[in-house]
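Now for the letters of each chain:
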Amino acid sequence: MIYSVAKAIERLSALPDRFDALLKEVKPNGGSSLRDAVDRTSRKVDEVSESLVRIGVRSQTRWKMASGIAGWESDANGKCTAANSDLCELLKMGEGEILGSNWKNFIHPEDSERVFREWARIVSEGSDFNLLARYIASDGRIIPVRMKAHAMMSGDRVLGWIGVAELVT
């Protein structure tokens, strides 16, 4: 998410330059009505950029504040896009080792078919996920967890899932 926010800000910050170029093409004398429109649009772009930055900072802060909860986020296709430090610590892996489809590598082989089948179902249906399974940490420990994920929706469209792995004793 942070990457997409940064990309959006980058695209938005280029807009004022495009407006200035358009202004010179349309009215070489810098007509005031077009200049006013460009200025208003530029201010709006600045406001939207600031909002996107706040959203990104809030998202990062939530991950940091979720201390003690092994959490992750995935995109609409089910690929892991973020893993918090608690999940990384639990699995004894870096975030880069978990991202993408790599999360499938730490599911216990005896659970993998069942977990992947259920995950494929929720991705196709856009529903929530709640399943007992076992992780295998990089040090070989077997970790029983309840995997839960809730779909992040925009209207009827799934944007992704946010999930947790709760230790089962």
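Keep in mind it's a predicted model, so treat the numbers as computed, not measured. (Residues numbered from 1 in each chain as written. Predicted model: local features only at pLDDT ≥ 70, side-chain atom pairs only at ≥ 80, totals over all residues. Heavy atoms only, no water.)

## Here we look at the pairing of strand E5 (residues 157-167)
As a reminder, the rule being used: The pairing criterion is simple: DSSP has to find at least two bridges between the two strands. Only DSSP runs of H or I covering at least 4 residues are called helices, and only runs of E covering at least 2 are called strands; the numbering of each starts at the N terminus.
Two elements, strand E1 (residues 70-75) and E5, share 6 bridges in a ladder whose sense is antiparallel. Paired with Trp72 across the strands is Gly163, a residue of E5. Counting the residues that bridge the hairpin from strand E4 (residues 142-154) to E5 gives 2 residues, and of these Gly155 lies at a positive phi of roughly 65°.

## A short note on the nonpolar core
Rules: In this text, buried Ala, Val, Leu, Ile, Met, Phe, Trp, Tyr and Cys residues form a nonpolar core when linked through side-chain atoms within 4.5 Å. Burial classes follow relative accessibility: with a 1.4 Å probe on protein chains only, a residue under 20% of its type's maximum area counts as buried, one over 50% as exposed, and anything between as partly exposed. Residue contacts follow a heavy-atom distance rule, with two residues in contact if any of their heavy atoms lie within 4.5 Å.
Residues Leu87, Ile98, Trp103, Tyr135 and Met147 are the most contacted members of the largest nonpolar core, which totals 29 residues. Listing elements by their share of this core, those giving two or more residues are E1, strand E2 (80-83), helix H4 (85-91), helix H6 (109-125), strand E3 (129-136), E4 and E5. Considering every element that reaches this core, the biggest residue donor is E4, with 5 residues. In contact with Leu87, not counting residues within four places along its chain, are Ala70, Gly71, Trp72, Ile98 and Tyr135.

## A look at the sheet that holds E2
Threshold: Helix axes use the C-alpha atoms of the stretch in contact, all axes being lines fitted to C-alpha atoms, and the angles between their N-to-C directions lie in the range 0 to 180 degrees.
Strand order in the open sheet formed by 5 strands is E2-E1-E5-E4-E3, and the pairing between neighbours is antiparallel. Taken across any chain shown, the strands that pair with only one partner, and hence form the sheet edges, are E2 and E3. Pairs of neighbouring strands in the sheet enclose a mean axial angle of 25°, with direction left out of account. The pairing of E3 with E4 spans 8 bridges and is classified as antiparallel. Bridge pairing links Ile136 to Ile142 in E4.

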